[in-house]
Amino acid sequence: MRTHTTTTRSTTRGTTTATGTTAAATAGIAAVRNLGILAHVDAGKTTVTERILYLTGTTHKRGEVHDGTTVTDFDPQERDRGITIFAAAVSCAWAGHRINLIDTPGHVDFADEVERSLRVLDGAVAVFDAVAGVEPQSESVWRQAERHGVPRIAFVNKLDRAGADLDAAVAAIRERLHPRPLAVHVPIGAEESFTGVVDLVGQRALTWDEDGTLHEGPVPASLEAVAAERRRALEEAVAELHPEALEEFCARATLGADTLTAALRDLTRTGEVVVVLCGSAYRNRGIEPLLDAAVAYLPSPLDVPPTRSADRAQQRDPDPEQPLTALAFKVTSAPTGRLTHLRLYAGTLHKGATVLDTATGRRERVARILTVLADRHTETDTARAGDIVAVVGPKHTRVGATLCDADHPIVLEAPVSAEPVVTVAVEARRAADTDKLAAALARLAEEDPSLRVATDPETGQRTLSGLGELHLEVAVEKVRRDAGVEAVVGRPRVALREALTEGVTGFTYRHAKQDGGAGQFAHLVLDVHPLPAGTEGEFAFTSTVTGGRVPREYVQAVEAGCRDALAEGPLGGHPVTGVAVTLTDGATHPKDSSELAFRTAARLGLREALRASRMHLLEPLAEVSVTVPEDALGTVLGDLAARRGHVRSTEPGHGATARVGALVPLAELFGYAGRLRGRTQGRGTFTTRPAGYAPAPTPAG
Ligand SMILES: Nc1nc2c(ncn2[C@@H]2O[C@H](COP(=O)(O)OP(=O)(O)OP(=O)(O)O)[C@@H](O)[C@H]2O)c(=O)[nH]1
Ligand SMILES: [Mg+2]
């Protein structure tokens, strides 16, 4: 298969063997790495990605985030704002391996992009800021990766910064993320004079000169003792966990580099350890060893468990000969047309092929297959199991759909999308643009399932909901830039939920309709109660009906009808959460009962049962982490209290700063950025992440 045509510069630096298209093209699936770069906002993900593209010869100059010249932050808004908004996929070649890299956004409002990316990745590089250590969003994305079972290595970046501290970062990883981080580097020099690393596995020094050229040499005398001690500790930690390494360790009282590498690979893939490397992406230091480590330790598509269908009934191996199985994890509109980004799990996709979209049931033609380099593409004729590519052709395929061989249909589990928590009303500035705005918003929501477009039933206004103020602001701006429609945006409101305070037992509902032809009959008895606190999920359904008084297919229809009812609660039409429904009894009619009748009965019955119950409103909470100069701490704490915030921790930060952790209702955080800037003369920063729901204060009256 042809990959992106990368010409390897003859000066390819690094510790590896030659890189290049041919090697990557002929290498099999074992030589593919599908990797994500994950971290808190500003840790340096895009800069790391940029340096990787430069070193692999994919680009010929180093772009900078602050100049708006990076490959992966190619959207105009990303360039203006200096942050990543959309996960961008890039392909490159390193040491005979093909690396498909996804640079993800760190801002919490775009967490859904990270989620969709993690669904299709086999491994990840978690980037940390050597001064800030483990920041809140790093913790969130780490847990996300854990949930997906994606093995990780860590890169502690920004070692050139004043206050950079690798050991402290490793300690923070151990404390907050993983019990066994294993640093394989010792920094050479510190802060301004950070020039390289001692590679503990290879027992050598890697240093970079000012223009970023790598030199390999012996461990400097001043670090020999430290390096020997840390290498020893590394060997012991590995031997303790890895039987083969232990055997060698017992026999020879030491571990060879090859054994160490092989053991670290196994332990990374099982998630038992996290290999920690360090460097300074901005100063071009530490990227070659990071690439080597990604190739050596992180899994190929062959090393991850086979893909299973959502219902667990089918399994596909990463084999080009098996029936085509691919997941659409991203849909974007590009000048070249609508692009559907696919991860192939099995089979081979040929240009011109017709495939089945099992979500829509439609057949879609794949007109072109593209290897993606952020906003540029290279055409290819085939893609195989393990690959990440984009295709042109499918017209109706949505994010999360499975594309497969029509003779061997399969449905893969779709990525789960976060529920929007913030809503604004949007209206076209010019009435004539109303339809254009609606179409543009609909297209956007198709690309980003965490955006929802709806019509407010009371006001008839069009609303846009998303994960935060920035998320919505970016969406509206995108509509303006891409579709040329100016929108007027209302004040943000939080998305409320409804929950039971006290339910009802033995609620009877009879649905009987007789209007000529076949009638509808269903009789139900329901117990409706709040789910116990701490229960996962929003809805639990059980049936205790005995003696076949309600046939099984009707019981399923009742469950579906209950879900319908929970979409709109009695207090204000908000989704209802935390409900346990038990179907305790029921009756059927020999002629007039049907699944439809039972579903309708459950929908109407549960709706009435909720009206008869005591309900309360829930509002979204955010976990806020504020870093402020110490002298502004008092005002900031007072302000958080006025916003109904609960301060949970106050700890000293770096320099004369303090870090405050608080739980604050999201509704109180609108405009907080400006307020914090004002109160701290622009020196305060804050991050938030969703922290579930809590009872909302009852409005007066
Ligand atoms: N001193 C120093 N600054 C760095 C380093 N790496 C990145 N930066 C700077 O840190 C800032 C953020 O870098 P990005 O690469 O955009 O960070 P990111 O993680 O992609 O950020 P988001 O995508 O917005 O989450 C930029 O101004 C970079 O120039 C480094 O090694 N040292
Ligand atoms: Mg970025």
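Residues numbered from 1 in each chain as written. Chains lettered and ligands numbered in written order. Predicted model: local features only at pLDDT ≥ 70, side-chain atom pairs only at ≥ 80, totals over all residues. Heavy atoms only, no water.

As for the coordination of the magnesium ion (ligand 2)
Piece 1. Within the first shell, the magnesium ion (ligand 2) binds the protein through Thr46 (OG1) and Thr84 (OG1), at distances of 1.9 to 2.0 Å. Taken together, the residues threonine 46 in helix α2 (residues 45-55) and threonine 84 in the loop between α3 (76-81) and β2 (88-94) connect sequence positions 38 residues apart. (Donors = N, O, S within 2.8 Å, 3.2 Å for Na, K, Ca; no water. Helix = DSSP H or I, 4+ residues; strand = E, 2+ residues; numbered from the N terminus.)

Side note on the confidence of the model for the chain
Piece 1. The predicted model of the chain averages 89 in pLDDT, with 95% of residues at 70 or higher.
Piece 2. Scored below 50 in pLDDT, residues 1-27 makes 70 contacts in the model with residues more than four places away or belonging to other chains. (pLDDT = per-residue confidence, 0-100. Contact = heavy atoms within 4.5 Å.)

Here's the deal with unusual backbone geometry
Piece 1. For lysine 158, which is not a glycine, the phi torsion comes out positive at approximately 65 degrees.
Piece 2. Relative to the helices and strands, lysine 158 is located in the loop between β5 (152-157) and α6 (166-176).
Piece 3. Using a relative accessible area of 21% as the deciding quantity, one classes lysine 158 as partly exposed.
Piece 4. Notably, arginine 312 is not glycine yet its phi reads approximately 65 degrees, a positive angle.
Piece 5. Within the secondary structure, arginine 312 sits in the loop between β12 (307-308) and β13 (315-316).
Piece 6. Assessed through its relative accessible area of 46%, arginine 312 is described here as partly exposed. (Buried < 20%, exposed > 50% of the residue type's maximum accessible area, 1.4 Å probe, protein only.)

A closer look at the packing of aromatic side chains
Piece 1. Under the criterion given, the structure shown has 4 aromatic pairs.
Piece 2. Between the aromatic rings of tyrosine 672 and phenylalanine 686, the centroid separation amounts to 4.9 Å while the plane-to-plane angle is 80 degrees, which identifies the pairing as edge-to-face. Residue tyrosine 672 is found in helix α16 (residues 672-679), and its partner phenylalanine 686 is found in strand β37 (residues 685-695); the two are separated by 14 residues along the sequence.
Piece 3. Phenylalanine 686 gets classed as partly exposed once you look at its relative accessible area, which sits at 25%.
Piece 4. Residue placement shows arginine 152 over the ring face of tryptophan 142; its charged tip is 4.6 Å from the ring centre. (Phe/Tyr/Trp six-rings, centres within 6.5 Å; stacked < 30°, edge-to-face > 60°. Lys NZ or Arg CZ within 6 Å of the ring centre and 35° of its normal.)

Comments concerning the packing of helix α7 (residues 221-241) against helix α8 (residues 243-252)
Piece 1. Look at α7 against α8: their axes get within 6 Å of each other, and the N-to-C directions meet at 125 degrees. Looking at the two axes, α7 sits oblique to α8. Along this stretch, α7 crosses α8, giving a crossing that reads as left-handed. Residues Arg232, Glu235, Glu236, Val238, Ala239 and Leu241 of α7 form the contact with α8, whose own contacting residues are Pro243, Ala245, Leu246 and Phe249.
Piece 2. Looking at the contact of α7 with α8, its residues break down into 7 nonpolar, no polar and 3 charged. (Axes fitted to C-alpha atoms, helices over the stretch in contact; angles between N-to-C directions. Parallel < 35°, antiparallel > 145°, perpendicular 65-115°, else oblique. Left-handed = near helix turned anticlockwise from the far one by under 90°. Nonpolar A, V, L, I, M, F, W, Y, C, P; charged D, E, K, R; others polar.)

With respect to the sheet that holds strand β30 (residues 504-513)
Piece 1. Sheet architecture is open: 4 strands sit in the order β30-β31-β33-β32, paired in mixed fashion. The two strands at the open ends of the sheet, each matched to only one other strand, are β30 and β32 (539-543). Neighbour to neighbour, the strand axes of the sheet diverge by 25 degrees on average, direction disregarded.
Piece 2. Helix α13 (residues 552-566) rests against β31 (520-530), β32 and β33 (579-587) of the sheet, and its axis sits at about 155 degrees to β32.
Piece 3. Sitting on the sheet, helix α14 (residues 595-612) touches β30, β31 and β33, and the angle it makes with β31 is about 40 degrees. (Pairing = 2+ DSSP bridges.)

Quick word on the sheet that holds strand β10 (residues 214-217)
Piece 1. Strand order in the open sheet formed by 4 strands is β7-β8-β9-β10, and the pairing between neighbours is antiparallel. The strands lining the two open edges of the sheet, one partner per strand, are β7 (185-188) and β10. Strand-to-strand twist of the sheet, defined as the mean angle between neighbouring strand axes without regard to direction, takes the value 25 degrees.
Piece 2. Summarising the sheet, strand β8 (residues 196-199) and strand β9 (residues 204-208) pair through 4 bridges and their orientation is antiparallel. The residue bridging glycine 196 from the neighbouring strand is threonine 207, located in β9.
Piece 3. Contacting β7 and β8, α7 crosses the sheet at an angle of about 165 degrees to β7.

Comments concerning the nonpolar core
Piece 1. Counting 55 residues, the largest nonpolar core has Val48, Ile153, Val238 and Leu264 as its most contacted members.
Piece 2. Here leucine 264 is in contact with Leu182, Val184, Val201, Val238, Val273, Val275 and Tyr297, once residues within four sequence places are set aside.
Piece 3. By size, the runner-up hydrophobic cluster in this structure holds 36 residues, among which are Val426, Leu441, Ala622 and Val628. (Core = buried A, V, L, I, M, F, W, Y, C linked by side-chain atoms within 4.5 Å.)

Some details on the pairing of strand β24 (residues 422-428)
Piece 1. A large share of β24 lies buried, amounting to 6 of its 7 residues.
Piece 2. One ladder, built from 5 bridges, connects β24 with strand β26 (residues 462-466); its direction is antiparallel. Paired with alanine 425 across the bridge in β26 is threonine 463.
Piece 3. As defined by bridge partners, β24 adjoins strand β28 (residues 493-494) across 2 bridges and the pair is classed as antiparallel. Each residue of the ladder has a partner; that of threonine 423, found in β28, is arginine 493.
Piece 4. Strand direction decides the pairing type here: β24 and strand β27 (residues 487-489), joined by 3 bridges, are antiparallel.

Section: the side chain of aspartate 639
Piece 1. The residue aspartate 639 is located in helix α15 (residues 633-642) in this model.
Piece 2. Residues contacting aspartate 639, with those up to four places away along its chain left out, are Tyr672, Arg675 and Arg679.

Section: the site of ligand 1
Piece 1. If you check the shell around ligand 1, you find 20 residues, and the closest are Lys45, Thr46, Thr47, Thr84 and Asp160.
Piece 2. Contacts to ligand 1 include threonine 84, whose side-chain N or O atom sits 2.7 Å from an oxygen atom.
Piece 3. Side-chain polar atom of lysine 158 to an oxygen atom of ligand 1: 3.1 Å apart, as the coordinates give it.
Piece 4. Protein contact buries 89% of the 650 Å² of open area that ligand 1 shows by itself.
Piece 5. In terms of residues, the shell around ligand 1 owes the most to one element, α2, which gives 3 residues.
Piece 6. Of the residues belonging to the shell around ligand 1, the class tally is 6 nonpolar, 9 polar and 5 charged. (Near = heavy atom within 4 Å. Polar contact = N/O pair within 3.5 Å; in protein donor to acceptor, adjacent residues only side chain to side chain. Areas by Shrake-Rupley, 256 points an atom, 1.4 Å probe, with all protein chains shown as cover.)

Concerning the layout of surface pockets
Piece 1. Approximately 1100 Å³ is the volume attributed to the second largest pocket.
Piece 2. Taken together, 29 residues line the second largest pocket, and the ones lying closest to its centre are Leu496, Ala567, Gly573, His574 and Pro575.
Piece 3. Of all elements in the fold, only β25 (452-455), β26, β28 and α13 reach the threshold of two or more residues within the lining of the second largest pocket.
Piece 4. At 3 residues, β25 tops the list of elements feeding residues into the lining of the second largest pocket.
Piece 5. A class-by-class count of the residues in the lining of the second largest pocket yields 11 nonpolar, 9 polar and 9 charged. (1 Å grid on protein atoms, 1.4 Å probe; cavity = no way out; pocket = protein on both sides within 12 Å on 5 of 7 lines; lining within 4 Å. Points joined across faces, edges and corners; volume = space filled by probe spheres on them.)

What to know about the pattern of salt bridges
Piece 1. Under the counting rule described, the total for this entry stands at 50 salt bridges.
Piece 2. Two residues, arginine 368 and glutamate 379, come together in a salt bridge whose shortest N-O distance is 2.7 Å. Of the two residues, arginine 368 sits in strand β19 (residues 368-373) while glutamate 379 sits in strand β20 (residues 376-380), which places them 11 residues apart along the sequence.
Piece 3. When its relative accessible area of 26% is taken as the criterion, arginine 368 is described as partly exposed. (Salt bridge = Lys/Arg side-chain N within 4 Å of Asp/Glu carboxyl O.)

A short note on the pairing of β9
Looking down a regular strand, the side chains alternate between one sheet face and the other.
Piece 1. Where burial is concerned, most of β9 is hidden: 4 out of the 5 residues are buried.
Piece 2. Hairpin geometry of β8 and β9 is characterised by an intervening segment of 4 residues between the two adjacent antiparallel strands and by a positive phi of about 50 degrees at glutamine 203.
Piece 3. Taken together, the 4 bridges between β9 and β10 define a ladder with antiparallel strand orientation. Each residue of the ladder has a partner; that of alanine 205, found in β10, is glycine 217.
Piece 4. Linking two consecutive strands that pair antiparallel, namely β9 and β10, is a turn of 5 residues; a positive phi of about 90 degrees is found at glycine 212 within it.

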